[in-house]
Amino acid sequence: MKILNFLKPKPAQPTIDSYGQQSSGVEPIQMQSLMEWLFASLLNAKYFGKSYLISYNSDNTDPSVEQVIKKAMYWGERQARLHH
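Here goes a summary of the coordinates provided. In this text the structure is predicted, and so the values were computed from the model without any measurement.

Considering the pattern of salt bridges
If you walk through the whole model with that rule in mind, you get one salt bridge. Note that Lys50 and Asp17 form a salt bridge whose closest N and O atoms lie 3.3 Å from each other. Here Asp17 lies in strand β1 (residues 15-19) and Lys50 lies in strand β2 (residues 50-54), a separation of 33 residues in the sequence. Lys50 sits in the partly exposed class, given a relative accessible area of 43%. We classify Asp17 as partly exposed; its relative accessible area is 24%.

Pasting the structure below:
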């Protein structure tokens, strides 16, 4: 299975999935600056995979963002167990 992933062509640029922007309380212009910085950083590091930006506001919780966070935590724990 990992061999097949190796054979897939790499994307021409990184992709960023973003969650929780509306409920974060961060102004759109600030969020745009953050996304531009993250994108430039990924390009500079020659990372062309998928990244995630999750904005969380504990004073204005969003159940869909909390679900994404739980999935990410589960995935990270699972990956850690697989690689140790």
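Once you've had a look at it, read on.
So, the pairing of β2
Side chains of β2 alternate between two faces, with Ser51 and Leu53 buried and Lys50, Tyr52 and Ile54 left unburied. Pairing of β1 with β2 involves five bridges; the strand directions are parallel. Each bridged residue has a counterpart across the sheet, and for Ile16 the counterpart in β2 is Ser51.

What to know about helix α4 (residues 63-83)
Between its first and last C-alpha, α4 extends 30 Å over 21 residues, near the 30 Å set by a 1.5 Å rise per residue. Residues of α4 that are buried: Val65, Val68 and Gln79. For α4, the angular spread of buried residues about the axis comes to 55 degrees, placing them on one side. Turned more than 90 degrees away from the buried face of α4, the exposed residues are Pro63, Lys70, Tyr74 and Arg81.

Considering helix α3 (residues 28-44)
Between its first and last C-alpha atoms α3 spans 24 Å; for 17 residues at 1.5 Å apiece the expected length is 24 Å, and the two agree. On its buried side, α3 packs onto β1, α2 (21-24) and β2. Once α3 finishes, Lys46 follows within two positions and takes phi at roughly 60 degrees, a positive value.

The rules behind the values
- Residues numbered from 1 in each chain as written.
- Predicted model: local features only at pLDDT ≥ 70, side-chain atom pairs only at ≥ 80, totals over all residues.
- Heavy atoms only, no water.
- Salt bridge = Lys/Arg side-chain N within 4 Å of Asp/Glu carboxyl O.
- Helix = DSSP H or I, 4+ residues; strand = E, 2+ residues; numbered from the N terminus.
- Buried < 20%, exposed > 50% of the residue type's maximum accessible area, 1.4 Å probe, protein only.
- Pairing = 2+ DSSP bridges.
- Expected span 1.5 Å × (residues − 1).
- Arc of directions from axis to C-beta.
- Contact = heavy atoms within 4.5 Å.

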